[in-house]
Amino acid sequence: MPEKDAAVVAAVAKGLEGVIAAATSISSIDGTAGRLTYRGIPIEELAANSFYEEVAYFLWNGQLPTQPQLEQFMADLALMRKLPDNIVAALKIFPTTSSGMDMLRTVISLLSVSDPEEENNSPGANRRKALRLMALFPSIIAGFHRVRNGLDIIAPNPTLGHAENFLYMLTGAKPDPVRVKGVDLYLVLLADHGLNASTFTARVIAGTEADMYAAVTGALGALKGPLHGGANQGVMDMLDEIGSLAHVDAWFDATMSGHRRIMGMGHRVYKTEDPRARVLRRVSDEMGHAVGQHDLHEMALRIEQRAIAHPHFLERKLAPNVDYYSATVLYYAGIPLDLFTTIFAMSRIVGWTAHLIEQYADNRLIRPRAQYIGPDYQPYVPMAERTTEKLAEVAQSLHMASSQS
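The written sequence of each chain sets the order in which its residues are numbered from 1. Given that this is a predicted model, residues contribute local features only at a pLDDT of at least 70 and side-chain atom pairs are listed and counted only at 80 or more, while totals for whole chains, interfaces and linings are drawn from all residues. Excluding hydrogens and water, the side-chain values take into account all heavy atoms of the structure.

Description of empty space enclosed by the protein
Over the atoms, a rolled probe matching the size of one water molecule traces out where space is still vacant. Only protein atoms enter the 1 Å grid, on which a cavity is a set of points fitting a 1.4 Å probe that cannot get out and a pocket is an open set with protein on both sides within 12 Å along at least 5 of 7 lines, lining residues being those with an atom within 4 Å of a point. Grid points are joined across faces, edges and corners, and a volume is the space filled by probe spheres set on the points. Taken as a whole and judged by the stated rule, the model has 1 cavity of 30 Å³ or more. Taken as a whole, the largest cavity encloses approximately 30 Å³ of empty space. Taken together, Gly266, His267, Tyr270, Thr272, Asp274, Lys317, Leu318, Ala319, Pro320 and Asn321 form the lining of the largest cavity. Side-chain classes are defined by residue name, with Ala, Val, Leu, Ile, Met, Phe, Trp, Tyr, Cys and Pro counting as nonpolar, Asp, Glu, Lys and Arg as charged, and the others, Gly among them, as polar. Looking at the lining of the largest cavity residue by residue, the classes come out as 4 nonpolar, 4 polar and 2 charged.

So, in structure tokens, the structure goes:
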């Protein structure tokens with residue numbers, strides 16, 4: 001690459017790293033200190049004292065609910081959980097091999113056509129849409145899983161909370177409280193996380209004044225990628241590959257010798273341990289004992305111990321991220337492996353919609369610029385003259401001109 005172009009590229013914040021692209025009051029991340037807050041409350045305090053529905057109300061409204069406000073919120077949520085007929089019909093036509101994220105992205109887009117307020121971006125309409133999306137994500141995911149296994153869709157139970165109701169609709173049985181608590185904590189911890197890739201995608205789409213369903217559909221597309229939402233499934237694949245605690249050390253040594261990546265280690269923002277991982281490590285430990293599969297947690301813990309003492313991880317300041325122990329938590333809760341990323345979406349829908357409400361309230365089209373590094377000019381070659389030799393000649397002249405500039 002010519003020196004001029006190399007200097008230009010060096011000045012570009014690749015991946016927008018470090019670029020401030022929005023102002024928000026929803027969540028705050030201190031990557032150096034390993035600190036995450038939702039509207040000023042540390043995530044550890046919310047994990048210890050709150051539950052998902054209360055966190056959703058808090059993120060959307062900016063203050064914790066009173067008891068009557070929370071009861072009304074949960075009652076409104078329960079009324080919106082029933083799947084619309086067009087969604088039930090859609091779930092029945094997906095191939096059984098369909099990805100859960102492909103299904104979810106398609107169904108949420110379809111969901112818009114059954115909402116008479118789809119194009120209404122008023123604050124009241126968008127809050128109703130946010131509540132509807134939060135209510136329906138668990139019903140859609142559970143319904144998809146039931147249908148693909150040849151089972152009847154289970155209607156939501158209005159007496160159950162969000163996490164418990166999801167597990168009930170997934171299995172048809174009242175779930176163990178340990179599993180309910182694990183899923184609820186996961187939902188709390190993943191509800192929002194600053195301007196991550198999917199949230200940024202949602203805000204960019206909302207910035208065009210497209211509707212909330214369009215913005216959430218785009219966010220789901222961004223979340224599907226293994227560099228964002230799919231990493232915890234990779235952690236379980238890794239544990240399955242290792243097989244047992246006795247094999248961890250040999251596997252770790254071979255992995256480091258082969259320069260392979262260890263899934264769930266390192267984070268784009270955190271230069272120390274992800275605070276959500278601290279909570280999930282404890283939850284994974286407790287759930288492993290409760291469900292009689294503590295060996296998986298022990299394997300994950302041993303890999304972590306080897307990793308954080310290794311020079312490669314020390315030098316790069318790599319530590320477990322939220323995906324690392326969330327993998328075992330979701331597995332212990334009985335979530336099918338290929339639905340892990342959809343559960344991430346089920347949690348993050350609250351954060352996405354909180355950001356969308358914020359974006360619509362003070363909107364400006366998000367339109368960054370790109371730094372052009374191509375040729376200043378190249379001639380148009382008519383088709384009659386467009387031989388391989390002629391095109392190579394043009395390319396060579398461009399290369400020489402670029403090198404001399």
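Observations regarding the layout of surface pockets
Considering only enclosed or pocket space, the largest pocket measures out at about 1,300 Å³ in volume. Around the largest pocket, the lining comprises 38 residues; the ones closest to its centre are Leu195, Asn196, Ala197, Arg268 and Val269. For the lining of the largest pocket, the elements supplying multiple residues, two or more each, are strand 1 (27–30), helix 10 (197–207), helix 17 (322–332) and helix 18 (340–361). Each pocket or cavity is described by its volume, and for the second largest pocket that value is around 410 Å³. Segments assigned H or I by DSSP are reported as helices when at least four residues long, segments assigned E as strands when at least two residues long, and all are numbered from the N terminus.

Here's the deal with the packing of aromatic side chains
Pairing of aromatic side chains here covers Phe, Tyr and the six-membered ring of Trp, requires ring centres within 6.5 Å, and sorts the geometry by plane angle: under 30 degrees stacked, over 60 edge-to-face, intermediate tilted. Summed over the entire model, instances satisfying the criterion amount to 5 aromatic pairs. A centroid spacing of 5.6 Å and a plane angle of 90 degrees characterise the contact between Tyr57 and Phe73, whose relative ring orientation is edge-to-face. With Tyr57 in helix 3 (residues 52–61) and Phe73 in helix 4 (residues 67–79), the pair connects residues that are 16 residues apart, well separated along the chain. Residue Tyr57 is classed as buried on the basis of its relative accessible area of 11%. Joined through ring pairs, the aromatic side chains of Tyr57, Trp60 and Phe73 make up one cluster. Burial here depends on accessible area, computed with a 1.4 Å probe over protein chains only, as a share of the maximum for the residue type. Under 20% is buried, over 50% is exposed, and the range in between is partly exposed.

Remarks on the side chain of Thr342
Among the structural elements, Thr342 can be located in helix 18. Judged by relative accessible area, Thr342 falls into the buried class, the value being 0%. Engagement of the side chain of Thr342 in a polar contact is seen with the backbone oxygen of Leu339, the distance being 2.6 Å. Contacts are assigned to residue pairs with any non-hydrogen atoms lying within 4.5 Å of each other. In this structure Thr342 touches Gly100, Met101, Leu104 and Ile141, once residues within four positions along its chain are discounted. Any pair of nitrogen or oxygen atoms within 3.5 Å is treated as a polar contact; in protein, a donor-acceptor pairing is required on top of that, and neighbouring residues in sequence qualify only through side-chain atoms on both sides.

Digging into the sheet that holds strand 3 (residues 41–42)
Note on pairing: two strands pair once DSSP finds at least 2 bridges between them. As summarised here, the arrangement of the 3 strands in space is 1-2-3, forming an open sheet in which the pairing is antiparallel. Of all strands in the sheet, those bounded by a partner on one side alone are strand 1 and strand 3. For strand 1 and strand 2 (residues 35–38), the ladder comprises 4 bridges, and the chain directions are antiparallel. Its bridge partner lying in strand 2, Asp30 is registered against Arg35.

A short note on unusual backbone geometry
Glycine aside, residues mostly have negative phi angles, and peptide bonds mostly take the trans form. In this structure, Arg39 is a non-glycine residue whose phi angle is positive, near 50 degrees. Along the polypeptide, Arg39 turns up in the loop between strand 2 and strand 3. Positive phi values are uncommon outside glycine, yet His259 reaches one of about 55 degrees. Among the structural elements, His259 can be located in the loop between helix 13 (248–257) and helix 14 (275–291). Given a relative accessible area of 73%, His259 falls into the exposed group.

Structural notes on the pairing of strand 2
Counted along the chain from strand 1 to the antiparallel partner strand 2, the turn is 4 residues long, and its residue Gly34 has a positive phi close to 70 degrees. Strand direction decides the pairing type here: strand 2 and strand 3, joined by 2 bridges, are antiparallel. Directly across from Tyr38, in strand 3, lies its bridge partner Ile41. Linking two consecutive strands that pair antiparallel, namely strand 2 and strand 3, is a turn of 2 residues; a positive phi of about 50 degrees is found at Arg39 within it.

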